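Analysis of the macromolecular model
As a plain string of letters, each chain reads:
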Amino acid sequence: MQELIEKKKVLNRENANLKVVSPIKIIQFGEGNFLRAFIGYAFQELNKAVNFNAGIAVVQPIDKGLVKMLNDQDGLYTLFMKGVKKGEEIQEIELIDNIVKCVDPYLNFKEYLNLAKEESLEFIISNTTEAGIAYVASDTSEMQPPSSFPAKLTLLLHERFTHFKGDKSKGLTIIPCELINHNSETLREIILTYISDWNLGDDFKTWILESNSFHSTLVDRIVPGYPRAEIEEYNAQLDYKDNLIVSAEAFLLWVIEGGEELKAKLPFEKTKLDVKIVDDMQPFRTRKVRILNGAHTSLIAFSYLYGNKTVKESVDNEFTGGLINQIIFDEIIPTLDFDKDQIEEFAHEILDRFRNPFIKHNISSLALNCISKFKVRVLPSILEYIKIYDKLPTNLTFAFAALIRFYKGTYNGESLPIDDNKEIVENFVEIWKHNDYTTITNAVLSNEEYWGEDLTKVKNLSNAISFALEEIDTNGVEKGFENFNKKY
């Protein structure tokens, strides 16, 4: 098989017979799997549907990245989309061809700044991870490049402002896709801070505020990325050699805050994609964060301790699948102010996605920064449930206890895939040196740096979690939950 792959044509524009190159309308900060499976695909569909004719210039936002590999393939790559919708299997393969330039500002900063001079440029889109939209005080305007994404973007925008002599018509539509709430507002404020820090002038500040628009977003698509374990099977379906294959689920949702002007600029309603341009994206964000992300983060600990290794195994298993269903339908959904039928339909769609047989979504890959994720994604459902019903949500409380047990680091003699801040991991090591479950529980729940408040003050929560921890250690996850459920 490997010999056959080696004999295939190299993927490039000449071999793919792609001679026409679209003008650069979009600068995309980030070249990783998610953006290529999400933004690259979305604009390819828009190009096909309405002849949008948008080429993408990709900027590598950190020192190490994939720009060289992309350049070796003239920006081309293959997207495999697989999923299940209402019982029907969906499989699509698409050669994405809209990346027309790839720039590494760490190797060629001048080439990076020259992107600002593109006449056809209209959009800035980014996904530099949740940590990407950050103010770094040590960044200066003389650095080539500065370290942070907002600082790099500030210099790019200043170059455009200077080159076009403050022309108001040369402002850009800036659409960050990082998974933080109010991402565009946060990005804009950091840019304004750099303008002040670097004395770039009031005229530039006015141009930023009046000639550019910033739009917050919600993105939703599971992208496992390069299918390393099944790469021969994927390559067998192609008549060329592609080193940048990316796999994704069939589902895609993109919610962008904006009005009629943005809808006119981005006529996604003429495509088959679920792209919503709305006045307020917060209801969509709450729904997604509480149900999809909340269910993911809730299941990690109890499902892994139980013995599952993938999300699909978790939802298919009678015990863990039942627990996940109860978490979603009995404890999360009742705390959300949505039309009941619509939100339950959304939840069933989420479970279809979790069951996707084409995507091996390892629980271990979800276990990054679980403490901070639990605070944002799950804890609000617990506290809202208590507020509404004046009692603990049994399943979510047990999931919370399982998370604390997970952070001990070992279970039944095996290491657990903890992936978190060094200080958090070390703190849990110290906490778990205690032999008393009440002491352990109180040490975790009282840590306001983790939860934003002292959770030992929540009625019955400490006692319940302490009891659950002892049950998990004494009787295992399934029997432990059975005993916990009888008491709480």
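As a starting point, this report considers the structure included with it. (Residues numbered from 1 in each chain as written. Predicted model: local features only at pLDDT ≥ 70, side-chain atom pairs only at ≥ 80, totals over all residues. Heavy atoms only, no water.)

Digging into helix H17 (residues 394-406)
Here is the rule we go by: A run of H or I in DSSP becomes a helix once it reaches four residues, and a run of E becomes a strand once it reaches two; helices and strands are each numbered from the N terminus. Residue count minus one, scaled by 1.5 Å, sets the expected span of a helix. For every residue, the accessible area obtained with a 1.4 Å probe (protein chains only) is divided by the maximum for its type, and the residue is called buried under 20%, exposed over 50%, and partly exposed between those limits.
Taking 1.5 Å per residue, 13 residues should reach 18 Å; H17 reaches 18 Å between its end C-alpha atoms and fits that length. With respect to burial, H17 is a largely interior element, 13 of its 13 residues being buried.

Quick look at the packing of aromatic side chains
Going by this rule: For Phe, Tyr and Trp, where Trp contributes only its six-membered ring, two rings pair if their centres lie within 6.5 Å, and the inter-plane angle classes them as stacked under 30 degrees, edge-to-face over 60, or tilted in between. Note on criteria: charge over ring means Lys NZ or Arg CZ within 6 Å of the ring centre, with the direction from the centre no more than 35 degrees off the ring normal.
Using the criterion set out here, one finds 33 aromatic pairs in the structure. When the ring of Tyr-304 is compared with that of Phe-406, the centres are 6.1 Å apart and the planes differ by 80°; the resulting orientation is edge-to-face. Here Tyr-304, found in helix H10 (residues 282-306), pairs with Phe-406, found in helix H17; they are 102 residues apart in sequence, far enough to count as distant. The two residues Tyr-304 and Phe-406 agree in class, both being buried. Ring centres of Tyr-306 and Phe-319 lie 5.3 Å apart, and the angle between their planes is 40°; on these two criteria the pair is classed as tilted. Residue Tyr-306 is located in helix H10, and its partner Phe-319 is located in helix H12 (residues 318-332); the two are separated by 13 residues in the primary sequence. We classify Tyr-306 as partly exposed; its relative accessible area is 30%. The class for Phe-319 is buried, based on a relative accessible area of 13%. These aromatic residues form a ring-pair network of at least three members: Tyr-304, Phe-374, Phe-400, Phe-406, Tyr-407, Phe-428, Tyr-450 and Trp-451. Above the face of the Phe-52 ring, Lys-25 is positioned so that its terminal group lies 4.3 Å from the ring centre. Across the ring face of Phe-346, the terminal group of Arg-287 is positioned such that the distance to the ring centre comes to 3.9 Å.

Concerning the sheet that holds strand E14 (residues 274-278)
Our working rule: Strand pairing is defined by DSSP finding a minimum of two bridges between the two strands. Every axis in this analysis is a line fitted to C-alpha atoms, fitted for helices over the stretch in contact. Angles between the N-to-C directions lie between 0 and 180 degrees. By the convention used here, residues are in contact when the closest approach between their heavy atoms is within 4.5 Å.
The strand order across the open sheet built from three strands is E10-E13-E14, with neighbouring strands paired in mixed fashion. Looking along the sheet, the strands with just one partner apiece sit at the ends: strand E10 (217-220) and E14. Sheet twist, expressed as the mean angle between neighbouring strand axes with direction ignored, is 10°. Summarising the sheet, E10 and strand E13 (residues 253-257) pair through four bridges and their orientation is antiparallel. When the sheet's bridge partners are listed, Val-219 is paired in E13 with Trp-254. Relative to the sheet, helix H2 (residues 33-50) contacts E10 and E13, its axis offset from that of E13 by approximately 75°.

Comments concerning empty space enclosed by the protein
Here is the rule: Put simply, the grid is 1 Å and covers the protein atoms alone, a cavity is a trapped set of points that fit a 1.4 Å probe, a pocket is an open set with protein on both sides within 12 Å along at least five of seven lines, and lining residues have an atom within 4 Å of a point. Grid points are joined across faces, edges and corners, and a volume is the space filled by probe spheres set on the points. Side-chain classes are defined by residue name, with Ala, Val, Leu, Ile, Met, Phe, Trp, Tyr, Cys and Pro counting as nonpolar, Asp, Glu, Lys and Arg as charged, and the others, Gly among them, as polar.
All told, the structure shown has one cavity of 30 Å³ or more when counted by the stated rule. What the largest cavity holds in volume is close to 60 Å³. In terms of lining residues, the largest cavity is bounded by Ile-222, His-296, Thr-310, Val-311, Lys-312, Arg-353, Phe-354, Asn-356, Ile-359 and His-361. Residue composition of the lining of the largest cavity, by class: four nonpolar, four polar and two charged.

Remarks on the packing of H10 against helix H15 (residues 370-377)
Heads up, the rule is: An angle counts as roughly parallel when it lies under 35 degrees, as roughly antiparallel when it exceeds 145, as roughly perpendicular when it falls between 65 and 115, and as oblique in every other case. For any pair of crossing helices, the crossing counts as left-handed if the nearer helix is rotated counterclockwise from the farther one by less than a right angle, and right-handed if it is rotated clockwise.
Their axes nearest at 9 Å, the elements H10 and H15 cross at an angle of 140°. Between H10 and H15, the angle is such that the two are oblique. Handedness of the crossing formed by H10 with H15: left-handed. When H10 is examined against H15, the residues Arg-285, Val-289, Arg-290, Asn-293, Gly-294, Thr-297 and Ile-300 are found in contact with a partner set consisting of Cys-370, Lys-373, Phe-374, Val-376 and Arg-377. Considering only residue class, the contact of H10 with H15 consists of five nonpolar, three polar and four charged.

A word on the state of the cysteines
Definition in use: Any two cysteine sulfur atoms lying within 2.5 Å of each other are counted as a disulfide.
Here the structure, examined in full by the defined rule, presents zero disulfides. As a non-bridged cysteine, Cys-102 has Cys-177 as the owner of its nearest cysteine sulfur, 18 Å distant. A relative accessible area of 1% means that Cys-177 is categorised as buried.

Re the nonpolar core
For clarity, the threshold we go by: To qualify as a nonpolar core, a set must consist of buried Ala, Val, Leu, Ile, Met, Phe, Trp, Tyr and Cys residues joined through side-chain atoms within 4.5 Å.
In this structure, Ile-291, Phe-302, Phe-400 and Ile-404 are the most contacted members of the largest nonpolar core, which totals 70 residues. In this view, Phe-400 contacts Phe-374, Ile-382, Leu-445, Trp-451, Leu-455, Leu-461 and Ile-465; residues no more than four positions away in its chain are not counted. Counting residues in hydrophobic clusters, the runner-up holds 39 residues, among them Ile-99, Ile-175, Cys-177 and Ile-277.

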